[in-house]
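Breakdown of the fold
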Amino acid sequence: MSAKIVTITSGKGGVGKTTAVANIAVALASEGLKVCCLDGDIGLRNLDVVMGLENRIVYDLVDVIEGRCRLRQAMIRDKRLPEMYLIPAAQTRDKSAVSPSDMVRLCEELRSEVDWVLIDSPAGIERGFRNAIAGADQVVIITNPEVSAVRDADRVIGLLEAEEKASPALIINRLNPFMVKNHDMLSAEDVLDLLAIELIGIVPEDENVIVGTNRGTPIALDPKSKAGQAFRNVAKRLLGQTVQFIDLDTQGTLWARIQRLTGTK
Amino acid sequence: MSSFLDRVSGRKRSAQNAKERLQLVLIHDRTDITAVELEALKDEILAAISRHVDIDPNAVQIDIERDGREQRLVADIPLRSVARRRTG
């Protein structure tokens, strides 16, 4: 096996990096692929709770790097999907416990274990971010259609350009189609025009994301969720498939509007 | 209804606001040139050009334009007609 290593980062915190990693991992694993998620946010770990695996942690990323356990011992296997794993971040250490070259070595070791490695980057542009991108083949930038998130995304894209990393791809998360329609939210086209990188996902705002996180069940497991569908489409695009962007048009047909008004859709 | 009122009152919707503000902020972030520095740069360019040719400083346009992820400094400097200048 020779895994593809993808890092999800954003600059700004709270735009949905961890949610995206959990959901894309679920979607890839549902396609029958062997996936390992890596929580790169040392000291502020969260991918474990979002994935619902917090009670099964024995070893973490820093344990692997410092040689206290073997790589496979730190890979927590998800019970819902047979080929999905998580390597949690250390909670009682800080980012200086790991260096970019440690991460490169770890990524190379993981490459022979699985098909896909998804790294959840911490917010910011310092050491933790540098660690998270060090071993990546591809970087995915996630942003919200909102001024501070777009500005920070642009900074990160600029830093990746300076590192001469391959051009990153973009996920626009938490887009509210009603606000866009009322011209009170940047549209996907606006964000794409500003950031000018390849788009691989538009995820609509969806309360089920919070419900899923409450339960530790990523919504990509829910076939009815629109955000879940959007994340499954991101996974397909990462696999090189051409998938239409889902129609987020709020106008729709009269029938669709009636369904919405009566709450039947 | 609110969009109708906005059109009548001439108020811009906030998405347009966000986009225009971001366009300017990103240019400055990407080039590390502040608005003040850009003004100083324009003045120096104008001074240098007017030492060689006759220009109307009020007709000059110098700005940073965005093209995808690239920025360029674009100058439009109309030259005054030679016929108006004294000969000999």
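Data block above holds the structure.
Residues numbered from 1 in each chain as written. Chains lettered and ligands numbered in written order. Predicted model: local features only at pLDDT ≥ 70, side-chain atom pairs only at ≥ 80, totals over all residues.

Within chain B, the regular secondary structure consists of 3 helices and 2 strands. When the helices and strands of chain B are listed from N to C terminus, the series reads α-α-α-β-β. Residue burial in chain B is summarised as follows: out of 88 residues, 3% are buried. For chain B, long-range pairs separated by at least 24 residues make up 46% of all intrachain contacts whose partners lie at least 6 apart in sequence. (Helix = DSSP H or I, 4+ residues; strand = E, 2+ residues; numbered from the N terminus. Buried ≥ 20, exposed ≤ 12 C-beta atoms within 10 Å, placed from the backbone. Contact = placed C-beta atoms within 7 Å.)

The subject of this paragraph is the overall build of chain A. Across its full length, chain A carries 12 helices and 8 strands. In terms of overall dimensions, chain A is globule-like: its C-alpha atoms have a radius of gyration of 18 Å, near the 18 Å expected for 265 residues. Counting only C-alpha atoms, chain A reaches 60 × 40 × 35 Å along its principal axes. In chain A, which comprises 265 residues, the proportion classed as buried is 48%. Intrachain contacts of chain A at a sequence separation of at least 6 include 75% that bridge at least 24 residues. (Rg over C-alpha atoms; globule rule 2.2 N^0.38 Å.)

This part covers helix H7 (residues 147-162) of chain A. Between the first and last C-alpha of H7 of chain A there are 23 Å, a value that for 16 residues agrees with the 22 Å anticipated at 1.5 Å per step. Within H7 of chain A, burial applies to Ala-149, Val-150, Asp-152, Ala-153, Asp-154, Val-156, Ile-157 and Leu-160 of chain A. Buried residues along H7 of chain A sit against strand S1 (4-9), strand S6 (138-143) and helix H9 (188-195) of chain A together with helix H2 (14-31) of chain B. Looking at the residues trailing H7 of chain A, positive phi occurs at Glu-164 of chain A, about 60°. (Expected span 1.5 Å × (residues − 1).)

Taken together, the contacts link 16 residues of chain B with 15 residues of chain A. No other element matches H2 of chain B, which puts 12 residues into the side of chain B that touches chain A. Taken together, the residues of the side of chain B that touches chain A sort by class into 5 nonpolar, 5 polar and 6 charged. (Nonpolar A, V, L, I, M, F, W, Y, C, P; charged D, E, K, R; others polar.)

Turning next to the environment of Pro-122 of chain A. Residues and elements named next belong to chain A. Assignment of secondary structure puts Pro-122 in the loop between strand S5 (116-120) and helix H6 (127-134). Along the chain, Pro-122 and Lys-95 lie 27 residues apart, while their C-alpha atoms are 9.6 Å from each other. What Pro-122 contacts, discounting residues up to four positions off in sequence, is Gly-40, Asp-41, Leu-44, Gly-128, Phe-129 and Ala-132.

Our focus in this paragraph is the nonpolar core. Residues and elements named next belong to chain A. The biggest cluster of nonpolar side chains holds 86 residues, and the ones touching the most others in it are Ala-25, Val-35 and Leu-118. Among the elements that line this core, the one with the most residues is helix H1 (residues 17-30), at 9 residues. Val-35 has contacts with Ala-25, Leu-28, Ala-29, Glu-83, Met-84, Tyr-85, Val-114, Asp-115, Trp-116 and Leu-118, leaving out every residue within four places of it along the chain. (Core = buried A, V, L, I, M, F, W, Y, C linked by C-beta atoms within 7 Å.)

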